[in-house]
Amino acid sequence: MKGTRGIALAVMAALVLSLSGCAQAQVEKQSAVGFYLDTAIMLTAYVDDAAVLQDALRECGRYEQLLSRTVEGSDVWRINHAGGAPVEVSEDTLAILEAARQVSDLSGGAFDVTVAPASTLWDFTSGAAVLPDARTLAEAAARVDYTQVKTDGSRVTLPEGMMIDLGGIAKGYIADAVKGYLEDRGVTSAVLSFGGNIVTIGLKPDGSPWRVGIQDIDRPTGEYMLVAKNFGGSTVTSGIYERGFELDGVYYHHILDPATGWPVQNELASVTIFSDSSMWGDALATAAFALGTEAGTALIEGIEGVEAVFIARDRTVSYTSGAKAYMAE
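Residues numbered from 1 in each chain as written. Predicted model: local features only at pLDDT ≥ 70, side-chain atom pairs only at ≥ 80, totals over all residues. Heavy atoms only, no water.

### A few points about the overall build of the protein chain
To keep things clear, this is the line we draw: Runs of H or I in DSSP of at least four residues are treated as helices and runs of E of at least two as strands, each being numbered from the N terminus. Only C-alpha atoms enter the radius of gyration, while the globule expectation follows 2.2 Å times N to the 0.38, with N the number of residues. When accessible area is computed with a 1.4 Å probe and restricted to protein chains, residues below 20% of their type maximum are described as buried, those above 50% as exposed, and intermediate ones as partly exposed. Every residue pair with non-hydrogen atoms within 4.5 Å of one another is taken to be in contact. Throughout, the Shrake-Rupley method with a 1.4 Å probe supplies accessible areas, and for residues the shown protein chains are the sole cover considered. Counting rule applied: Lys, Arg positive; Asp, Glu negative; His and chain ends not counted. Charged groups are reduced to one reference atom each: NZ for lysine, CZ for arginine, CG for aspartic acid, CD for glutamic acid.
Within the protein chain one finds nine helices and 15 strands. Scaling as 2.2 N^0.38, a compact globule of 329 residues should have a C-alpha radius of gyration of about 20 Å, and the protein chain matches this with 19 Å. Dimensions of the protein chain along its principal axes, counting C-alpha atoms only, are 60 × 45 × 40 Å. Taken across its 329 residues, the protein chain has 50% of its residues classed as buried. A sequence separation of at least 24 residues applies to 61% of the contacts in the protein chain between residues at least 6 apart. Carbon and sulfur atoms provide 49% of the accessible area of the protein chain, an area that totals close to 14400 Å². Each charge class in the protein chain was averaged separately, 23 positive and 42 negative side chains, and the resulting centres sit 4 Å apart.

Written as structure tokens, this is what we have:
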């Protein structure tokens, strides 16, 4: 695991440094790296004091302790282990659950934070190509229903036997929060890499937009099929190449259909979302992928200020109406 984390961090470092470019900066470019939420995180900013970035990484750790499904005592852990009783949670958790509900409503349930009973039956990280028992998976999928998450003030209630997992939205929320934290600390130019979530503050010191590579779906990590521009917002990509395995000619990946618990099998290989909020970009990337190109495009077109790029498995590229404004030539 330590070796894997080291490789991941090195890849993130190469990605961010290669895309941020050389800049005429009056303050020095500083970076800090960490591993939180099973993700290599790299913060690169033009700051006088590198301690600001270390403080921001500690914020990542604090949020992980609050929002991780596997951290005993976190808000999510307590909700999942309450046996149906109400649980007092933080404002952060309430905000994420409300945004998740909105995306679920907009997408007809294509995004659903209660997918955990099904997702925990899959192993996409060990390298073992093993399918879960079909009957067990069907029983788990029957317990997936975001409408059963009830909030009353600062209390959350989830029926016994159900589980939530905020992995499809919390990383974006944390990226937004860390961006706000750094802005409050006076940072005006930065690129923050949270794996598939890239968030920036302002423009590069030379006034040009940041450049973000969109992974080539058929090539090793760090080789790009497209390059996008980021003007101080969020760029989120979700793709089948991130985690998965092949078995008997079928590729099984981590983006699950909440209705069945099985990986979504459609024409898509990845979806990239451009938005102001990385939290929304995170959830919408999953929802749009699950819906497929046509319905996913309709979803994104109906949300003001959000654009998307869809890459199909045959390498066909489709754009929402305003997405090309984010593409580098």
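Right, picking up where we left off after that structure.
### Here we look at the pairing of strand β14 (residues 307–312)
Regular strands place their side chains on alternate faces of the sheet. Defined as follows: Pairing between strands is defined by DSSP: at least two bridges between them are needed.
Within β14, six of the six residues are buried, which leaves the element mostly enclosed by the surrounding structure. Side chains E307, V309 and I311 project from β14 onto one buried face, and the interleaved A308, F310 and A312 project onto a second face that is buried too. Where strand β13 (residues 268–275) meets β14, six bridges bridge the pair, whose relative direction is antiparallel. Across the sheet, residue S270 finds its bridge partner in β14, namely I311. Two successive antiparallel strands, β14 and strand β15 (residues 317–319), enclose a turn made up of four residues, where R315 displays a positive phi of approximately 75°.

### Observations concerning helix α8 (residues 278–291)
How we decide: Each helix should span, by expectation, one fewer than its residue count multiplied by 1.5 Å. Here a polar contact is recorded for every N or O atom pair within 3.5 Å, except that within protein the pair must consist of a potential hydrogen donor and a potential acceptor, and residues adjacent in sequence are included only if both atoms are side-chain atoms.
The end-to-end C-alpha distance of α8, which contains 14 residues, comes to 20 Å, matching closely the 20 Å that a straight helix rising 1.5 Å per residue would cover. When you tally the buried positions in α8, you get 12 out of 14 residues, the bulk of the element. Inspection of α8 places S278, M279, W280, G281, D282, A283, L284, A285, T286, A287, A288 and F289 among the buried residues, and these make up the whole buried set. If you check the start of α8, you find a side-chain oxygen 3.3 Å away from the backbone N of M279, and it comes from S277. Note on α8: the residue one or two positions beyond its end, G292, has a positive phi of about 90°.

### Regarding the pattern of salt bridges
The criterion, for reference: Between Lys or Arg on one side and Asp or Glu on the other, a salt bridge is scored when a side-chain nitrogen of the former is within 4 Å of a carboxyl oxygen of the latter.
Counting across every chain of the model gives 11 salt bridges. A salt bridge links R315 to D216; the shortest N-O distance between them is 2.8 Å. Here R315, found in the loop between β14 and β15, pairs with D216, found in the loop between β8 (210–215) and β9 (224–230); they are 99 residues apart in sequence, far enough to count as distant. Under the relative-accessibility criterion, R315 is labelled partly exposed at 34%. Overall, the relative accessible area of 9% leaves D216 in the buried class. Of the charged contacts in the structure, one is a salt bridge between D218 and R315, with a shortest N-O distance of 2.8 Å. Note that D218 is positioned in the loop between β8 and β9 and R315 in the loop between β14 and β15, a separation of 97 residues in sequence. Each member of the salt-bridge network shares a partner with another, and the members are D55, R58 and R185.

### Quick look at the pairing of β8
Along β8, five of the six residues are buried, which leaves the element largely enclosed by surrounding structure. Where β8 meets β9, six bridges bridge the pair, whose relative direction is antiparallel. In the strand pairing of β9, W210 is matched with N230.

### A look at the sheet that holds strand β6 (residues 190–194)
Pairing between sheet strands relies on hydrogen bonds along the backbone, with the strands arranged either parallel or antiparallel. Our working definition: To define axes, lines are fitted to C-alpha atoms, for helices over the stretch in contact only, and angles between the resulting N-to-C directions are given on a 0 to 180 degree scale.
In spatial order, the strands read β1-β2-β6-β7-β10-β13-β14-β15; together these eight strands make up an open sheet with antiparallel pairing. At either end of the open sheet lies a strand with only one pairing partner, and these are β1 (29–36) and β15. On average, each strand axis in the sheet is tilted by 10° relative to the strand beside it, whichever way the strands run. Seen against the sheet, α8 touches β7 (197–201), β10 (234–239), β13 and β14 and runs at an angle of roughly 150° to β13. The strands touched by helix α9 (residues 293–301) are β13, β14 and β15; relative to β14, the strand with the most contacts, the crossing angle is about 170°.

### Points about the packing of aromatic side chains
Here is the rule we go by: Only Phe, Tyr and Trp rings are paired, with Trp represented by its six-membered ring, and only when their centres lie within 6.5 Å; those with planes under 30 degrees apart are stacked, over 60 edge-to-face, the remainder tilted. Ring-over charges, as used throughout, are those where CZ of Arg or NZ of Lys falls within 6 Å of the ring centre and within 35 degrees of the ring normal.
Applying the stated criterion across every chain, the model contains 10 aromatic pairs. Ring pairs connect the aromatic residues W122, F124, F245, Y252 and W262, which therefore count as one cluster. Over the aromatic face of Y63 sits the side chain of R62, whose NZ or CZ is 4.6 Å from the ring centroid.

### Here we look at the side chain of S278
Among the secondary structure elements, S278 is positioned in helix α8. For S278, a relative accessible area of 0% corresponds to the buried category. A polar contact of 3.0 Å, which involves the side chain of S278, links it to the side chain of N197. If near-sequence neighbours (up to four positions away) are discounted, S278 is found in contact with G172, A175, D176, N197, V199, S234 and V236.

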